[in-house]
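These are the residues of each chain, in order.
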Amino acid sequence: RKRPCNFFEYNDFKARIIKEKIPDGAWCSAYKCGPLIDLCRGPHVATTGKVQTFAVTKNSSAYFLANSDNESLQRVYGVSFPDKQRMKEYKRRVEEAAKRDHRVVGKAQDLFRFHELSPGSCFFLPHGTIIYNNLIDLMKLEYRKRGYTEVITPNVFNLQLWETSGHAQNYKENMFLFDVEKQEFGMKPMNCPGHCVMFKMMDRSYRDLPMRTAEFGVLHRNEFSGALTGLTRVRRFVQDDAHIFCTPETLEQEIKNVLEFISHIYNIFGFEYELFLSTRPEKYLGEIETWDKAEGALANALNALGKPWKMNPGDGAFYGPKIDIQLFDALKRRFQCGTVQLDFQLPLRFDLKYRDADGGNKHPIIVHRAILGSVERMFAILVEHYAGKWPLWISPRQVCLIPISTDKHFDYTKTVKERLHAEGFHAWIDSSANKMQKKVREAQLAQYNYILVCGQEEADTGTVNVRTRDNVVHGPRSVDELIAQLKQERENYQ
């Protein structure tokens, strides 16, 4: 270590890295390219001649060694490709991603805002709330079909709960904590400990299992202000969280059910996805035999799904193996949202038990399960996936009605709107003084799924003249016929 310290003594930051990160007697590596000699794990490119095209993409401030007590430095990001065509394609994707940025689209469509008085906590505006509630309603409908039971647990717990669960030892710095009557309390950052408390409130039999407990609980995590990024990294959020308490005998079938559930939801959104089985890490708790059986059950469930999957050896959590689901949006960007995590340790830490068929007590297995993940983050992904062009079933702007003459045709237009509203559709009348063609164009730019023009002929015949946001004129339709079509699209998640 002494040699590199002397070599890099001209650079205080590199010298500190060597002193603080490299133990005595350990080796470190440096790479040379022309006059540049860099402290690096490597490898470096052998010659800059390999770099055919290069661009600096952005820069940002960052604390040295990620410690807020250290100096603030500038981090420079760049990208290189072996040919100009790939750089051109990369820049095209970056430009398209910028147009789809959920912060830009969200503001343009009046979906949500943030405010400095509550950093990292989103204010969902009426149109954004419609989308948000549609996502939750989709999950609730599936819960009813699939035997899940919804619960509501407290937002604030005594720190003793997190000491029992183990989160206080590993997660305390990310929690919002405060004192109440000389005891420490915290806002919950996850739902699982509360569900364990609820499981233990009653005597449980093997006949009660599997118990599928779901909650759309509000969670808080104390993220650094510099890490907050739109809806993708927030302090206040909701998860489509569920915990399945099951026996070893029912575990495999429960995993199959969850994987089918995930496939169904992602197909609705048009997502492609990949599956990974993460197995026992070097440091783990429990018996190897238990791990092997659990990993076998996960592998069997993955095979039954009929989709290709990959092994991720040693990447499981210390308390159980898991299945990670990585989805791809319309720009082929990868996101980690869904997960299926087995947990052998929480039942032990909370001493959860059920009576088996022989009358003895056994610990259940917990399956932590999320599909949307954070609803806020999924909201952001969907904004960018659809580029703000929402399918009818989730759209906050489903129908715009345009009277040809506000004076003569408003009453009929209002009657049509009331029919649509009674059927649960979001409809709005443009009663401005703009000309009809301008109203149609503005409705298309606002991404209304359907634009209905109402004039005297439509009023006399009980019809509407139908257009769509892609500037296709479908012509006259009876109101009953249109409503039947909209219902079918909504039911089919179109």
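What this report covers is the structure whose coordinates are included nearby. Just so you know, the residues in each chain are numbered from 1, in the order the chain's sequence is written. Under the rules for a predicted model, residues below a pLDDT of 70 receive no local features and side-chain atom pairs below 80 are neither given nor counted, while totals for whole chains, interfaces and linings still include all residues. Note that the side-chain values use all heavy atoms of the structure and ignore hydrogens as well as water.

Looking at helix α12 (residues 375–386)
Then step 1. Numbering of helices and strands starts at the N terminus; helices are DSSP runs of H or I of at least 4 residues and strands are runs of E of at least 2. Expected helix span is computed as 1.5 Å times (number of residues minus one). An ideal rise of 1.5 Å per residue puts 16 Å on 12 residues; α12 measures up with 16 Å between its terminal C-alpha atoms.
Then step 2. To sort residues, take the accessible area from a 1.4 Å probe on protein chains only and compare it with the maximum for the residue type: under 20% means buried, over 50% means exposed, and anything in between is partly exposed. Burial in α12 covers these residues: V375, E376, M378, F379, A380, I381, L382, V383, E384, H385 and Y386.
Then step 3. Once α12 ends, the next one or two residues include A387, with phi positive near 55°.

Quick look at helix α3 (residues 84–100)
Then step 1. In this model α3 runs 24 Å from its N-terminal to its C-terminal C-alpha over 17 residues, within 8% of the 24 Å that 1.5 Å per residue would give.
Then step 2. The set of residues buried in α3 consists of M87, A97 and R100. Buried positions in α3, seen along its axis, are confined to an arc of 145° and lie on one side of it. In α3, those exposed residues whose orientation departs by more than 90 degrees from the buried face are K84, Q85, K88, E95 and K99.
Then step 3. Buried-residue contacts for α3 involve β3 (53–63), β4 (72–81), α4 (102–108) and α12.
Then step 4. Contacts described as polar in this section are N or O atom pairs within 3.5 Å, which, within protein, must combine one atom able to donate a hydrogen with one able to accept it, while residues neighboring in sequence count only if both atoms come from side chains. Where α3 starts, the residue carrying a side-chain oxygen 3.2 Å from the main-chain nitrogen of Q85 turns out to be D83. To obtain the arc, one takes the directions from the helix axis to the C-beta atoms. Contacts are residue-level and defined by heavy atoms, with any inter-residue pair within 4.5 Å sufficient.

Details of the sheet that holds strand β22 (residues 399–403)
Then step 1. One bridge is not enough; two strands pair if DSSP finds at least two bridges between them. Taken together, 5 strands build an open sheet; the order of strands is β23-β22-β24-β25-β26 and the sheet is mixed. Because the sheet does not close on itself, it has two edges, and the strands there are β23 (427–429) and β26 (473–478). Shown here is a sheet whose adjacent strand axes are inclined to one another by a mean of 25°, direction ignored.
Then step 2. Comment: axis = line fitted to C-alpha atoms, over the contacting stretch for helices; angle = value between 0 and 180 degrees taken between N-to-C directions. Packing against the sheet, helix α13 (residues 406–422) makes contact with β22, β23, β24 (450–454) and β25 (463–468), and its axis sits at approximately 155° to β22.

Quick word on the packing of α13 against helix α16 (residues 479–491)
For any two helices packed against each other, the geometry comes down to the angle between their axes and how far apart the axes lie.
Then step 1. Where α13 contacts α16, the axes come no closer than 11 Å and their chain directions differ by 35°. Taken as a pair, α13 and α16 cross one another with a handedness that is right-handed. Across the interface between the two elements, Y412, V416, R419 and L420 of α13 pack against V479, D480, I483 and L486 of α16.
Then step 2. Class assignment of the residues belonging to the contact of α13 with α16 gives a composition of 6 nonpolar, no polar and 2 charged. By definition, turning the near helix anticlockwise from the far helix through less than a right angle yields a left-handed crossing, and turning it clockwise yields a right-handed one. Residues are grouped as follows: Ala, Val, Leu, Ile, Met, Phe, Trp, Tyr, Cys and Pro are nonpolar; Asp, Glu, Lys and Arg are charged; every other residue, Gly included, is polar.

Quick notes on the pairing of strand β18 (residues 334–343)
Then step 1. Of all 10 residues in β18, 7 are buried; the element is thus mostly enclosed.
Then step 2. Pairing of strand β17 (residues 322–328) with β18, which is carried by 6 bridges, proceeds in the antiparallel orientation. Opposite L327, over in β18, you have F335 as the bridge partner.
Then step 3. In this structure, the hairpin formed by β17 and β18 is closed by a connection of 5 residues, where K332 is found at a positive phi of approximately 65°.
Then step 4. Where β18 lies against strand β21 (residues 365–370), 5 bridges are found, and the strand directions are antiparallel. When the bridges of β21 are listed, L342 appears paired with V367.

Topic: the environment of W428
Then step 1. Checked against the element boundaries, W428 lands in strand β23.
Then step 2. Taking the C-alpha atoms as reference points, W428 and L401, 27 residues apart in sequence, are found 6.1 Å from one another.
Then step 3. When near neighbours in sequence (up to four residues on either side) are disregarded, W428 contacts V399, C400, L401 and Y448.

What about the packing of aromatic side chains?
Then step 1. Side-chain rings of Phe, Tyr and Trp (the six-membered ring for Trp) are treated as a pair once their centres are within 6.5 Å; stacked means planes under 30 degrees apart, edge-to-face means over 60, and tilted covers the remaining angles. For the coordinates displayed, the defined rule picks out 26 aromatic pairs.
Then step 2. Ring geometry for Y143 and F216: centres 5.8 Å apart, planes at 35°, overall tilted. With Y143 in helix α5 (residues 126–146) and F216 in the loop between β11 (211–215) and β12 (218–220), the pair connects residues that are 73 residues apart, well separated along the chain.
Then step 3. Of the residues examined, Y143 reaches a relative accessible area of 2% and is grouped as buried.
Then step 4. Relative to W162, the ring of F157 lies with its centre 6.0 Å away and its plane at 90°, an arrangement referred to as edge-to-face. We note that F157, like W162, is buried.
Then step 5. Among the aromatic residues, ring-to-ring pairing joins F112, F114, F124, Y132, F379, Y386 and W390 into one connected group.

Re the nonpolar core
Then step 1. Counting residues in hydrophobic clusters, the biggest one holds 64 residues, and the most contacted among them are I255, Y266, F269 and I323.
Then step 2. Setting aside chain neighbours within four positions, we find Y266 in contact with F271, Y273, I325, L327, C337, G338 and I371.
Then step 3. L159, W162, M211 and F245 belong to the second-largest nonpolar core, a separate cluster that totals 19 residues. Nonpolar cores were defined as sets of buried Ala, Val, Leu, Ile, Met, Phe, Trp, Tyr and Cys residues, with membership established by side-chain atoms within 4.5 Å.

Focus: the pattern of salt bridges
Then step 1. Each salt bridge in this description consists of a side-chain nitrogen of Lys or Arg and a carboxyl oxygen of Asp or Glu lying within 4 Å of one another. With the rule as written, the count across this model stands at 33 salt bridges.
Then step 2. For K14, the salt bridge goes to D38, with nearest N and O atoms at 2.9 Å. Of this pair, K14 sits in helix α2 (residues 12–21) while D38 is found in strand β2 (residues 36–39), placing the two residues 24 residues apart along the sequence. Just as K14 is buried, D38 falls in that class too.
Then step 3. A salt bridge links E260 to R146, with the nearest nitrogen and oxygen atoms 2.5 Å apart.

Re the sheet that holds strand β9 (residues 177–180)
Then step 1. One open sheet holds the 3 strands; their spatial order is β8-β10-β9, and the pairing between them is antiparallel. A single partner strand is all that each edge strand has here, and the edge strands are β8 (156–158) and β9. Direction aside, the axes of adjacent strands within the sheet are offset by 35° on average.
Then step 2. In terms of strand pairing, β9 meets strand β10 (residues 183–187) through 4 bridges, oriented antiparallel.

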